[in-house]
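Now for the letters of each chain:
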2 protein chains.
Amino acid sequence: MLFEQATGFLAGKRTAAVVTHIRPDGDAIGSASATIMLLAAHGIDAAGYVGQYDEMPAPLRTLPLGKQFHCTDTLPDVDLIVVVDCGSLARTGLFEDHIRAHADRTLIIDHHASNACEAQVNVVCPEIESTCSLIWQWYQETNTEITAPAANAMMGGLLTDTAQFRYGRPAARDIAADLVKHGADEGALVHTLIDAISAENLQRIGAALAGLSIHQMGQKRVVTIEACDMDIPTLERIVDFTRGIDDADLIAVLKRLDQDTAAVSLRSQHLDVSRIAAAGGGGGHRNAAGFTVHGWTMADLREFLAQHLDD
Amino acid sequence: MLFEQATGFLAGKRTAAVVTHIRPDGDAIGSASATIMLLAAHGIDAAGYVGQYDEMPAPLRTLPLGKQFHCTDTLPDVDLIVVVDCGSLARTGLFEDHIRAHADRTLIIDHHASNACEAQVNVVCPEIESTCSLIWQWYQETNTEITAPAANAMMGGLLTDTAQFRYGRPAARDIAADLVKHGADEGALVHTLIDAISAENLQRIGAALAGLSIHQMGQKRVVTIEACDMDIPTLERIVDFTRGIDDADLIAVLKRLDQDTAAVSLRSQHLDVSRIAAAGGGGGHRNAAGFTVHGWTMADLREFLAQHLDD
């Protein structure tokens, strides 16, 4: 029973704060929302918190309970803190110090390999594709009814973190089937969380894709793309549009955040891009990584890539 | 038992031709391939046929048995003809006359509402999201083992016809979970059948998206896009890139097939575009329809849309 200790930890608790990572995504809000509902079913009055001042992106506010999350610097005085989908306590943002000071009343539920398990009780499974999959397991073990809102919350996270079932364990499809049976509307969630874009932002992404260039660097074929004049959510989307490129060894997107700063996203089907990103002061996964640069031109990016491609 | 009559029809048969629609897609080849494997499990020697001279697109040839389909004008002399995923016998292309002449030995399995059920035995269910879902049902009813190739074949069709589970019955998710359990590799199929694109073709699609324009026509907001200088498979892909546009009533893509001819694709979340397409001499579904035009400029398209938007 994966959640035996976690479920025992709920005994006697009446109030809870459910915290997820700053700059939240679908798995963050989905898993926090489903956790709040599970706690409520067990008689615990819980609410959701994000340790930042910025409001959450609009699509996430359409998730169940999404409108009720607090973006703030202060956690209330509660019996229980549940930290979900945070690869480290630093990812709880403005709450980090508070949570460290109250680790004895904190439960961590996460699927990031980087998690240092610093709470009283830690349920951390790096092999699981989403934190929502873990929360689904918690519902099973506690025989908690999966209501339609809970099903939609968990499906939102599962869709986000598997990129619509492109990745993840075969078991993720069983969880999806179960969530749909309990009322999750996969099509509506895909539209809201993955597809939706304004015509003008799609036009901006089109312009960036139209400007892509292809470079032969030694034995490697590299695609570089520059994305500018876009709001942050649109910038974050552009890499997904390059996912299908099947005739390049590496895809590098220079996403201009402001006049001086840019985030570089690296993708590859078979190269270890985390090593290239590390050379740029960043990091990430084997097939998807990134780093931040200042004052770089596209020529600077290409020169950097040519230098580090064979690291 | 949906397939009771169809299964009985197999008795005594030794050889079969499985025919699917011309210009095949994932559901066509996936369902034909899974049918061939089901027939083989029942002792019938079957092969796949497409009634056209053109070779199948490369991604479809990666599906199980995909390389073994015959694109030709002649069907062999067999005991049984199974026509899958063809909304009408006309969609069997060069085989139409032959199949009409041998309707007494023909079985139709399909999910198009337009099907006229002209064979000896017809299993036609318009409410089912894919022909592969029907074939899966046939496997269940006949207790036929779903091998990994059969699972991949059926998953290919299910993914194609539901646009990766954006559409379809909740039961489609159960079928997907079952197919994954039997060895279907959803991620690999999505990559091959849906995502894969060359960098240069993505650049061409980007240029078309960059050139999109937004028009106010009365109360309606219309996005028009012109796509040219692309091979046919890339032209067919462009509409998928516009799927997420959420601030337009209608999306119209003029896809230039040659100097004179263009196919117009219409999409809407809430308008009945089949009526507009019909005014242009075409047809389709409520939310997705199209028609063919000759010698039209983009201005011609916009004028046509403005005229027929309120039909």
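Calculation rules
Residues numbered from 1 in each chain as written. Chains lettered and ligands numbered in written order. Predicted model: local features only at pLDDT ≥ 70, side-chain atom pairs only at ≥ 80, totals over all residues. Heavy atoms only, no water. Helix = DSSP H or I, 4+ residues; strand = E, 2+ residues; numbered from the N terminus. Rg over C-alpha atoms; globule rule 2.2 N^0.38 Å. Buried < 20%, exposed > 50% of the residue type's maximum accessible area, 1.4 Å probe, protein only. Salt bridge = Lys/Arg side-chain N within 4 Å of Asp/Glu carboxyl O. Axes fitted to C-alpha atoms, helices over the stretch in contact; angles between N-to-C directions. Parallel < 35°, antiparallel > 145°, perpendicular 65-115°, else oblique. Left-handed = near helix turned anticlockwise from the far one by under 90°. Contact = heavy atoms within 4.5 Å. Nonpolar A, V, L, I, M, F, W, Y, C, P; charged D, E, K, R; others polar.

As annotated in an unreviewed UniProt entry, chain A carries the name Exopolyphosphatase and comes from Corynebacterium aquilae DSM 44791.

A. Representation of the overall build of chain A in the model. On a plain count of helices and strands, chain A comes out with 12 helices and 12 strands. Here the C-alpha atoms of chain A give a radius of gyration of 20 Å, agreeing with the 19 Å that 2.2 N^0.38 yields for 311 residues. In terms of principal-axis extent, the alpha carbons of chain A reach across some 60 × 40 × 35 Å. For chain A, the residues scored as buried account for 54% of the 311 residues in total.

B. Fine view of the pattern of salt bridges. If you walk through the whole model with that rule in mind, you get 29 salt bridges over all chains. Note that A:Lys181 and B:Asp174 form a salt bridge whose closest N and O atoms lie 3.2 Å from each other. Of this pair, A:Lys181 sits in helix H7 (residues 171-181) while B:Asp174 sits in helix H7 (residues 171-181), on two different chains. Overall, the relative accessible area of 31% leaves B:Asp174 in the partly exposed class. With a shortest N-O distance of 2.8 Å, B:Arg256 and B:Glu226 are connected by a salt bridge. In this pair, B:Arg256 is assigned in strand S9 (residues 250-256) and B:Glu226 in strand S8 (residues 220-227), connecting sequence segments 30 residues apart.

C. Structural view of the packing of helix H6 (residues 148-161) of chain A against H7(A). Residue and element names in this part refer to chain A. Closest axis-to-axis distance for the H6/H7 pair is 9 Å, and the angle between their directions is 150 degrees. Classified by the angle their axes make, H6 and H7 are roughly antiparallel. For the crossing formed where H6 meets H7, the hand is left-handed. In this structure, H6 uses Ala-151, Met-154, Met-155 and Leu-158 to contact H7, whose residues at the interface are Ala-172, Ile-175, Ala-176, Leu-179 and Val-180. Its residues assigned to classes, the contact of H6 with H7 shows nine nonpolar, no polar and no charged.

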